[in-house]
Amino acid sequence: MSYLKLATRALTRPAKRSVRLVHSSPAANQTKEAELNWEEFFRLRKQRRLWERLGSLPCAILGLGGGAAVFASLPVDPQQTFMGLDPLMLFGGCSLFSGALGFVIGPSVGRRWYRVINRDLARALDTKEAEFFKHVRMNRSDPSLSSASNPLPDFYGEKINSLQSYRRWLRKQREHERKGTFNLGAKRR
């Protein structure tokens, strides 16, 4: 049936006024809570990325402070060099490296914090993310079609943060495929 016929049929039908009492089980409530729509998924995903980025700052400060504390407590003989480097410069570099390591580890710590705080949504978010990456994998362009004049756009879909950006990503993937096959069209896998 066409959309117009369905709409007129729904409008001409009398409204049902009966009320049904339905016993809901806890399992049904959990599945209802576990299902996320795409807007909510993208909002939670953006929030999780913010937590990951913010997790880098305290981890970097802790790494820098911990490295500085450890290397400042080591005995230093200014007359001796270590692999041709001044010990103070070496200890300072190692302290900075500890801070950089903390900054790199920070996103995984931030993700863990997010999962602890939003424990009730974590499983639903993981399920929806797996479904999202399945869509990305299915719709992305073939990387063998890329060249210097036709670079591959956002292979993993990391920049997608809404339904509009997903549609934009799909258009870019199709345009990449079209340019890579010289407007002949690519064979779908």
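Observations regarding the overall build of the chain
Looking only at helices and strands, the chain has six helices and zero strands in total. Counting helices and strands in the order they occur from the N terminus, the chain gives α-α-α-α-α-α. Sorting the 189 residues of the chain into buried and exposed places 25% on the buried side. Sequence-distant contacts in the chain: of pairs separated by 6 or more residues, those separated by 24 or more amount to 72%. For the chain, the exposed surface amounts to about 14500 Å²; the carbon and sulfur share of it is 61%.

Structural notes on helix H3 (residues 38-73)
If you check H3, its first and last C-alpha atoms are 52 Å apart, about what 36 residues at 1.5 Å a residue would give, namely 52 Å. Burial in H3 covers these residues: Phe41, Phe42, Leu44, Arg45, Arg48, Glu52, Gly55, Ser56, Cys59, Ala60, Gly63 and Gly67. Buried residues in H3 make contact with helix H4 (87-117), helix H5 (119-139) and helix H6 (163-180).

Let's talk about the layout of surface pockets
In this structure, the second largest pocket encloses a volume near 150 Å³. Forming the boundary of the second largest pocket are Pro153, Asp154, Lys159, Ile160, Ser165, Arg168, Trp169, Lys172 and Gln173. Among the residues making up the lining of the second largest pocket, the classes are represented as three nonpolar, two polar and four charged.

Quick word on a nonpolar patch on the surface
Residues Phe97, Leu101 and Ile105 make up a contiguous nonpolar surface patch of about 300 Å² in total accessible area. Looking at Ile105, the relative accessible area reads 41%, which means it is partly exposed.

What about the packing of aromatic side chains?
Here the structure, examined in full by the defined rule, presents 12 aromatic pairs. Considering the side-chain rings of Trp38 and Phe132, the 6.4 Å spacing of their centres and the 55 degrees angle between planes classify their relative orientation as tilted. Here the residue Trp38 occupies a position in helix H3, and Phe132 occupies one in helix H5, the gap between them amounting to 94 residues. Across from the ring centre of Phe155, 3.9 Å away, lies the NZ or CZ of Arg140, which sits over that ring.

Here's the deal with the environment of Asn37
Inspection of the secondary structure puts Asn37 in the loop between helix H2 (26-34) and H3. Along the sequence, Asn37 and Lys128 sit 91 residues apart, while their C-alpha atoms lie 8.6 Å from each other.

Brief notes about the nonpolar core
Residues Leu36, Phe41, Phe42, Leu44, Tyr114, Ala124, Leu125, Phe132, Val136, Ile160, Tyr166 and Trp169 constitute the largest nonpolar core, which totals 12 residues. Mapped onto this core, the elements with two or more residues apiece are H3, H5 and H6. The element best represented in this core is H5, accounting for four residues. The contact partners of Phe41, leaving out residues within four places of it in the chain, are Leu125, Lys128, Glu129 and Phe132.

What to know about the confidence of the model for the chain
Per-residue confidence for the chain gives a mean pLDDT of 80; residues scoring 70 or more make up 78%. Throughout residues 2-24 the model reports pLDDT below 50, and contacts reaching past four residues in sequence, or to other chains, amount to three contacts.

Re the pattern of salt bridges
Close approach of charged atoms allows side chains with opposite charge to pair. Summed over all chains, the structure comprises eight salt bridges. Note that Glu52 and Arg48 form a salt bridge whose closest N and O atoms lie 3.6 Å from each other. With a gap of four residues between them, Glu52 and Arg48 both fall in helix H3, about one helical turn apart. As far as burial versus exposure is concerned, Glu52 and Arg48 are alike and both buried.

Conventions and cut-offs
- Along each chain, residues carry numbers from 1 onward, in the same order as the chain's sequence is written.
- Totals for whole chains, interfaces and linings use all residues, but because this is a predicted model, local features are given only for residues with pLDDT of at least 70 and pairs of side-chain atoms are given and counted only at 80 or more.
- Excluding hydrogens and water, the side-chain figures rest on all heavy atoms present in the structure.
- Helix and strand definitions follow DSSP, with helices as H or I runs of at least four residues and strands as E runs of at least two, each counted in order from the N terminus.
- Residue burial is assigned from relative accessible area. The probe radius is 1.4 Å, only protein chains are included, and a residue is buried under 20% of its type maximum, exposed over 50%, and partly exposed in between.
- Should any heavy atoms of two residues lie within 4.5 Å, those residues are counted as being in contact.
- To measure how exposed things are, a 1.4 Å probe is used in the Shrake-Rupley method; for residues, cover is taken only from the protein chains shown.
- Expected helix span is computed as 1.5 Å times (number of residues minus one).
- Within this scheme a cavity is a closed region of a 1 Å grid, computed over the protein atoms alone, that accommodates a 1.4 Å probe without allowing it to escape, whereas a pocket is open but has protein on both sides within 12 Å along at least five of seven lines; lining residues each have an atom within 4 Å of a point.
- Grid points are joined across faces, edges and corners, and a volume is the space filled by probe spheres set on the points.
- For this scheme, ten residues count as nonpolar: Ala, Val, Leu, Ile, Met, Phe, Trp, Tyr, Cys and Pro. Four count as charged, namely Asp, Glu, Lys and Arg, and the remainder, Gly too, count as polar.
- Patch definition: residues above 30% relative accessible area lacking any salt bridge, with like charges linked at up to 9 Å and the nonpolar side chains Val, Leu, Ile, Met, Phe, Trp and Tyr linked at up to 5 Å.
- The term salt bridge refers to a pairing of a side-chain nitrogen on Lys or Arg with a carboxyl oxygen on Asp or Glu at a separation within 4 Å.
- In summary, the pairing rule links any two rings of Phe, Tyr or Trp, Trp by its six-membered ring, whose centres are within 6.5 Å, and it sorts them by plane angle into stacked for under 30 degrees, edge-to-face for over 60 and tilted for everything else.
- As a reminder, the over-ring test applies to NZ of lysine and CZ of arginine, requiring each to be within 6 Å of the ring centre and within 35 degrees of the ring normal.
- Think of a nonpolar core as a cluster: buried Ala, Val, Leu, Ile, Met, Phe, Trp, Tyr and Cys residues, connected wherever their side-chain atoms sit within 4.5 Å.
- Per-residue confidence from the predictor is given as pLDDT, running between 0 and 100.

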